Each structure stands twice: as structure tokens, then as C-alpha cells.
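Structural features, examined
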Amino acid sequence: MDGVFTKSRWIWCGKSCPNQYVDFLQTFEADETADIKLRISADTNYALYVNGSFVYAGQYPDYPRYKIYDTFDISPYCVKGINRLAILCSYVGEDTSTYCRADAGLLFEVCAAGVPLAYSGSHTLCRADKCYQSGAIEKFSPQLGNSYHCDLRGEDGWLHEGAEGFSPATVVSKTCKMFPRPVRLLNVNDGLSVRLRAQGEFCLDKSYATDAEAAANAYLKHRTPASMGNPYAPVNRLPSEQGYALCTSGGFSNGVYALIDLGEEAAGFLKIDFGLSEDAKVIVAFGEHLNDLRVRSYIDGRNFSVTLRAKAGRNTFTGVMRRLGCRYLQIFVFAPRAVLYDCRILPTEYPIGEREVSVQDGMFKKIYECGVRTLRNCMHEHYEDCPWREQALYACDSRNQMLFGYAVFDAHIGRYAQANLRLMANGLREDGLLELCFPARVAVTIPSFSLYFILAVLENYLYTEDLAFAEEMLSVADKILAAFDARIDGTGLIPAFKEKEYWNFYEWKPGLDGDQTFRDYELPLRYDSCLNLLYLIVLQRLHQFYVKTGKKLKTDLVGRAARSKEAIERAFYVPEKKSFAISLENGVRSGFSQLALALAVAAGCRKEDVKEHLLMLKSEGLMQPMSCAFKLWLYEALLENGEENLAWVMEDILRSFGKMASVDTTLYETDLGADDFLLAGSLCHGWSAVGCYILSRYAKNSA
């Protein structure tokens, strides 16, 4: 394998199953403790320990044909003589929006100065993990997949010393082409001190299907810290050496609860430290707000909690196998007494510096800072739409995050964006479009998002001037464009994708949201202006790329763009409205939106009417307004057509994002916040940090 893993074999522990946790153990002898390297790859995830010390957790999400390995210098963890290598692995085993199913396996090697000291094989020992529950359990969400249950009573010290139940691993057949991790390893930080916001006891009037639902419906009885035996303190901070006593009052109760405020949105590993007088179940719910006067742990089948089985005495746990995103934690202890020493999220952050951007005005500065915090919470091994509900990589969302990141972070952001684009390129489907998420296998995809991928590739070139990478990605872009070209009919337009595996989404507004995500029927013939305008913009910007690089055009992009523009103006422009309709069906134009008009301005359609179009874009009530993520098209349409529009753009940034920044630490998925999507709206969504881009590129001096 190109000089790595020359002796190693993929291994697993017997037969695999979805949601499986396995321990692997191997010793190796080292004569010296310098220059000892470990390489590792797993399907699906791993946590690595050497001589009982935690080294790292977090397999880079990948595809079977694009398998990533990590390299660590483990010299600081090693001793002369016998060393103990322990690896906890998890296997998802089913497709989600964040994972593309492949065969289970672990591959590793330990080398000293290039000489193998240990490698995975049938001599490696393994067993089913004694703490984490394998098999079917509830899911956080369809996108994130399974929650986890962990029985702390099963801990037997296997990370440090001999333990029972181990047997030789099974060598498995798993053919992969291996690549080194294309981005930096994440930093695991302690985070800020957190606050105990509320505490008391709870009771349940019936049983519930999941622990998250139980947490959402438990009756809560607030009690002051003093009433439970704690001395009065104005601010109850965690961690606490003496801990906070939690106890019931002797009436009907299932146990005690505590509500913890992290102070700001964070994404990382759950850490909890508590004491019990008896064995008990502990539910840890997580969420982004307290709109329900508690953590909203259960939402229409989604379960935002993890479950622990704790032992009598002191319990400490760090959940390094899954990353959680939240602002608040709420624990429910099914025991009459507990002592809470700590409960927090250890932030896992991508290590990258920030550019110096001077924003003086207080409110704009707060919007900028919230935007940067949002972007950081939504970038780990790859970009994520949100750290709480999905953690999924979408082409449209990440195109925004890349563009905003170029304005916020140091030059390394260009390389990070390229790794994301290459991961997306590996998600090219047989129909010439990209998967909905990466790495994933989802039942539907959004055609317009494949066009955003091409825009992101071209914008990455403008930032990095890396022609070799752009050419590599444009080979994928050519296949995407060919898929769209093949659908152009006699009107010169691309019809909306009628087949049931396509979701014709453009943004979260009526008439543009694609109606049903999943359907079992084909759509009637319809044309959408946004799809055709995005296609036109891609043709135009692709032509600009060829002109800028001096490369020979493969096709007549100018002619294709001219024909597309003519067809768009003929089909969608409504002279009396001075605007472009959202759709055309059976000869009837319907709907008017800021997005369609902003895209038309960006594409140079009806240039003779551009002044009227700009006025309409700035007027309220004339058409469907834009949602947060797509304000980029609105702002650029205005600013590329005159600096006199900057003042209006700045005011709109205040209107759109000022309230979010005033009451929260990150920016929302849509302007409805948590109330959107049937109460499942995200309060931290990377695609909404458009203010960072505008303030950095256009308005840093005026703000």
C-alpha cells in the first residue's frame, strides 16, 4: 500500500452488525522511545490509547474507494520495553447522511524509524466492548444515526492492564485505496467553565419509547441548591471539587436532575463526573435553547440524548466516540441522591488562525463574532451544516462556508476547502450528479447543489490559484454539466427533475423548497427559473475561469450561455412585474422571489432593467423574501452594481442577523430559529455567516 501497512491486515471481531463496539488490544516492544509512528484507519470510528493514555479519537469520514488513515507520533506515550496499544472501535453499518456503509474493519501499524514493531492481524486480540451497547438503539436523527448507551459498570481497566474475554481477531477481506488524512487533526480543549442553571427532582407518569422522550416529558420540581444541602453561592460553577449535592425531598420522585449552561454553543465530547450511593440510570439530554424551560430532547422521532448506566461511587465518563453539538446539557439521575462534580462539552476544534478584520461598530462586531463562532462550530473533519442535528456535508451549505471562510480564516482554509471538495467529488453518482451529502448514500439528491459544487471549485481557484486542483475537480464538473445538458429540451431550458429520486430544492421558502423531500410519484413537466439561472451562472463563471487561466475552451461556453440566457428571459420574465417568475408550468408563470431576481441580476439577464431590479430587491412586500443562507446572492447582486447599495446591505444585515447575535452566540439556520421545521430549527448553521463575508470584503471600514 504505497509503503504503508505493508504487513498489516484488516481485522474485525467475528461477525459485524450495525451499531457495534469492539475492543482491540496488542502489545509491542520498543528499544527506544523516539520516532515511533502509528498509522491507523477504521470503519467506522476509533479511539486510540497507548499505555492507558488517550491519544486521539476521530476517523476521517471517507468512502470505500477513498479510505483515509491517520499518522501519529506516539513516542511521548511509549516506554522502553513492553507497550500496550488499545483501540476502541465503533461500526455504524448502515447508510446515514454522514456515513456511506462499508465493511467493518480496523487497520494499524506501529513503526520505529520505519521498522514495524506491531501491525494488525490475526494475532491482535479483540472482544465485544463491555460498556457500549451494540445493536439496535434509538437514533439521534436520520442524518446522524444512532445515539449511544454506555454501561459504566462494565469498565474493567482494559486500557491499562490485563482484562478478560479477549480472543484472536478475524482477518477480513476489505479492499481499499489508502490516502493520508487531507486535513489537520482536531484539537480537544477543556472549554470554558460552565454554570449549573437549575436543579431539582423529576418524576415520570408513564413509560416512554426512548429516554430522550422521557426526558422531554418528565415532570420537573425545581429546588434551590441550599434546600439540597449546598451552601448558597451566587454563581454555581462547574467543575467543582466539592461537587453539588442533588437529592429528592422524600415524596414521589424518580430521581434528580440538573441543567447546565455551557455559556455558548459548543461541539465536542461529553464529559461528566458524578457520584452515586447506588447503581442508577443517567440520561444526558443536549440542546441549543431552553424555549421549553428545559432541553428540547425529543422532536418528532429525533432523540437528542445519551444514556449511561452508572455504578455506586464516583463515575467519570468522556464520550469520545460521538461528537455532540449544543448550548445546554440536562442530566436525569434515576436515584434519590447524587453529587455532580462536572458536566460539560470538551470542544473539538479545527486548528486554524483568523485573519485580522477590523469591525468597530458594536452590533456589527457582535454579528461578525457570532458568525466566526458559527463557522468554527460547523467545521471539523469536514464542513457541517450544523453541529447539533445533522453534522452533514452539503455542497450548497459548504459553498457558503468556504466563501465565508476565505474572508475569515488564514490561508490554510483554501487547503481545507479543497479536502472537502475532493470528498464531494468522490460522491459522484451514476446519473452524473453528486450525492445529497458526503460521504453518504441518501435516497434523494438535490440537482441544484451539484451546480453549487462547480461554483465552489471555481471560487477555490480564485482564492488559492491552485490550477492543478481546479483541473482535477473540473473533470467531475464536466460530468455534472453533461448530466444537465442532456436534459435540455426544445425550449432551451432544463426542466425540473421529475423522477422521485430528485428533490427540486432551492431555498427554505414556499415555492422554492421542493415540496416533499421524499415522494413516490413523478412530477408533471415544469420549469424552475432558479435551476436554469444557476446553470447559466456556472457556464458564465466557467468561461471566466478559462479566460483567466488561458486554457483552451473545451466547448462553446459563450454560445451555450447566450442560448440559456435567451431561453430564461423568454420563459420566466414578466414585463409588467419587472421580475422573473419562480416557475413555468403549462404555460403559466407563477411566484416571484428575491432569490430568482437576484440570480437573474447575477447572471446579467435583462441588463436594461437592472436599476428597476435593484430597487425591487430592496423593496419589501413585492416578492418572496430570502432566507438567511441565500442573502449572499442578494447582497452581491446589489454590491456588484454600485457601492451606493452598501448602506442598504448593512441595514439588512442588522435586520436579518442582529436579533440572533443579541440573544444567542451563533447564527440560525433560518430567521425562525428553533421554531422552524416543526420545532427542529438549528441555532448554529454555517451557511448563515454571510455577515462575516460582507463585513470583511466590502464593509470593514464602514462598520
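Refer to the structure presented above.
These numbers were taken from a predicted model, which means no experiment stands behind them.

**Overview of the overall build of the protein**
- When helices and strands are tallied, the protein shows 14 helices and 33 strands.
- Against the globule reference of 27 Å for 703 residues, the protein gives a C-alpha radius of gyration of 27 Å, in line with a compact fold.
- Expressed as a percentage of the 703 residues in the protein, the buried residues total 61%.
- Partitioning the contacts of the protein with sequence separation of at least 6, the portion at a separation of at least 24 is 77%.
- With the model as given, the accessible surface of the protein reaches about 27,200 Å², and the carbon-plus-sulfur share is 49%.
- Of the charged side chains in the protein, 76 are positive and 87 negative, and the gap between their average positions amounts to 1 Å.

**Focus: the layout of surface pockets**
- Volume-wise, the largest pocket comes out at about 860 Å³.
- Taken together, 35 residues form the lining of the largest pocket, with L462, R541, E636, E640 and R697 sitting closest to its centre.
- Broken down by secondary-structure element, the contributors of at least two residues to the lining of the largest pocket are α3 (395-408), α5 (447-464), α7 (529-549), α9 (594-602), α10 (610-617), α11 (631-639) and α14 (690-697).
- Within the lining of the largest pocket, the residues separate by chemical class into 18 nonpolar, six polar and eleven charged.

**Observations concerning the packing of aromatic side chains**
- The tally for this structure, following the rule as stated, stands at 35 aromatic pairs.
- Plain terms: the ring middles of Y21 and Y132 are 4.4 Å apart, the flat faces sit at 10 degrees to each other, and that makes the pair stacked. On the criterion of sequence distance, the pair formed by Y21 in strand β2 (residues 20-30) and Y132 in the loop between β10 (125-128) and β11 (139-141) is long-range, its members being 111 residues apart. Each member of the pair Y21 and Y132 is classed as buried.
- On the numbers, 5.7 Å between centres and 65 degrees between planes, the contact of Y132 with Y148 is edge-to-face.

**Notes on the sheet that holds β10**
- The sheet built from six strands is open, its strands ordered β5-β4-β7-β2-β10-β14 with antiparallel pairing. Each end of this open sheet is capped by a strand with a single partner; those strands are β5 (53-57) and β14 (167-168).
- Taken together, the eleven bridges between β2 and strand β7 (residues 81-91) define a ladder with antiparallel strand orientation. Counterpart to V22 in the pairing with β7 is C89.

**Some points on the packing of α11 against helix α12 (residues 646-663)**
- Relative orientation of the contacting elements α11 and α12 amounts to 165 degrees, with a least axis distance of 9 Å. Classified by the angle their axes make, α11 and α12 are roughly antiparallel. The handedness of the crossing between α11 and α12 is right-handed. Residues K631, L634, Y635, L638 and L639 of α11 form the contact with α12, whose participating residues are L646, W648, V649, D652, I653, S656 and F657.
- For the contact of α11 with α12, the per-class residue count stands at nine nonpolar, one polar and two charged.

**Looking at unusual backbone geometry**
- Omega for the bond connecting L238 with P239 falls within 30 degrees of zero, at 5 degrees, which places this linkage in the cis form.
- Relative to the elements of secondary structure, P239 occurs in the loop between β20 (237-238) and β21 (244-247).
- For the bond running from F438 to P439, omega is -15 degrees, close enough to zero to count as cis.
- Positive phi, close to 50 degrees, is recorded for D300, a residue that is not glycine.
- Inspection of the secondary structure puts D300 in the loop between β24 (298-299) and β25 (302-303).
- We classify D300 as exposed; its relative accessible area is 61%.
- Phi at E465 takes a positive value of approximately 55 degrees, unusual for a residue other than glycine.
- With respect to the helices, strands and loops of the structure, E465 is situated in the loop between α5 and α6 (467-485).
- Given the relative accessible area of 57%, E465 is considered exposed.

**Digging into empty space enclosed by the protein**
- Per the stated rule, a full pass over the model turns up four cavities of 30 Å³ or more.
- Looking at the largest cavity, it is lined by 37 residues, and the ones nearest its centre are T44, N45, Q59, M321 and R322.
- Of all the secondary-structure elements, those providing two or more residues to the lining of the largest cavity are β3 (36-43), β5, β7 and β12 (145-146).
- Partitioned by chemical class, the residues of the lining of the largest cavity number 16 nonpolar, 14 polar and seven charged.
- Here the second largest cavity is characterised by a volume of approximately 40 Å³.
- Lining the second largest cavity are G287, E288, H289, R296, I299, W388 and G681.
- Class assignment for the residues of the lining of the second largest cavity results in two nonpolar, three polar and two charged.

**Focus: the pairing of strand β18 (residues 194-203)**
- Among the ten residues in β18, eight count as buried, and that is most of the element.
- Here β18 pairs with β20 via two bridges, running antiparallel. Paired with R195 across the strands is R237, a residue of β20.
- Bridging between β18 and strand β22 (residues 255-276) involves seven bridges; their strand directions are antiparallel. When the sheet's bridge partners are listed, A198 is paired in β22 with L259.
- Sheet analysis places β18 next to strand β19 (residues 219-222), joined by four bridges and oriented antiparallel. Opposite F202, over in β19, you have L220 as the bridge partner.

The rules behind each value
- Residues numbered from 1 in each chain as written.
- Predicted model: local features only at pLDDT ≥ 70, side-chain atom pairs only at ≥ 80, totals over all residues.
- Heavy atoms only, no water.
- Helix = DSSP H or I, 4+ residues; strand = E, 2+ residues; numbered from the N terminus.
- Rg over C-alpha atoms; globule rule 2.2 N^0.38 Å.
- Buried < 20%, exposed > 50% of the residue type's maximum accessible area, 1.4 Å probe, protein only.
- Contact = heavy atoms within 4.5 Å.
- Areas by Shrake-Rupley, 256 points an atom, 1.4 Å probe, with all protein chains shown as cover.
- Lys, Arg positive; Asp, Glu negative; His and termini not counted.
- Charge placed at Lys NZ, Arg CZ, Asp CG, Glu CD.
- 1 Å grid on protein atoms, 1.4 Å probe; cavity = no way out; pocket = protein on both sides within 12 Å on 5 of 7 lines; lining within 4 Å.
- Points joined across faces, edges and corners; volume = space filled by probe spheres on them.
- Nonpolar A, V, L, I, M, F, W, Y, C, P; charged D, E, K, R; others polar.
- Phe/Tyr/Trp six-rings, centres within 6.5 Å; stacked < 30°, edge-to-face > 60°.
- Pairing = 2+ DSSP bridges.
- Axes fitted to C-alpha atoms, helices over the stretch in contact; angles between N-to-C directions.
- Parallel < 35°, antiparallel > 145°, perpendicular 65-115°, else oblique.
- Left-handed = near helix turned anticlockwise from the far one by under 90°.

Worth remembering: the numbers are spatial, not functional.
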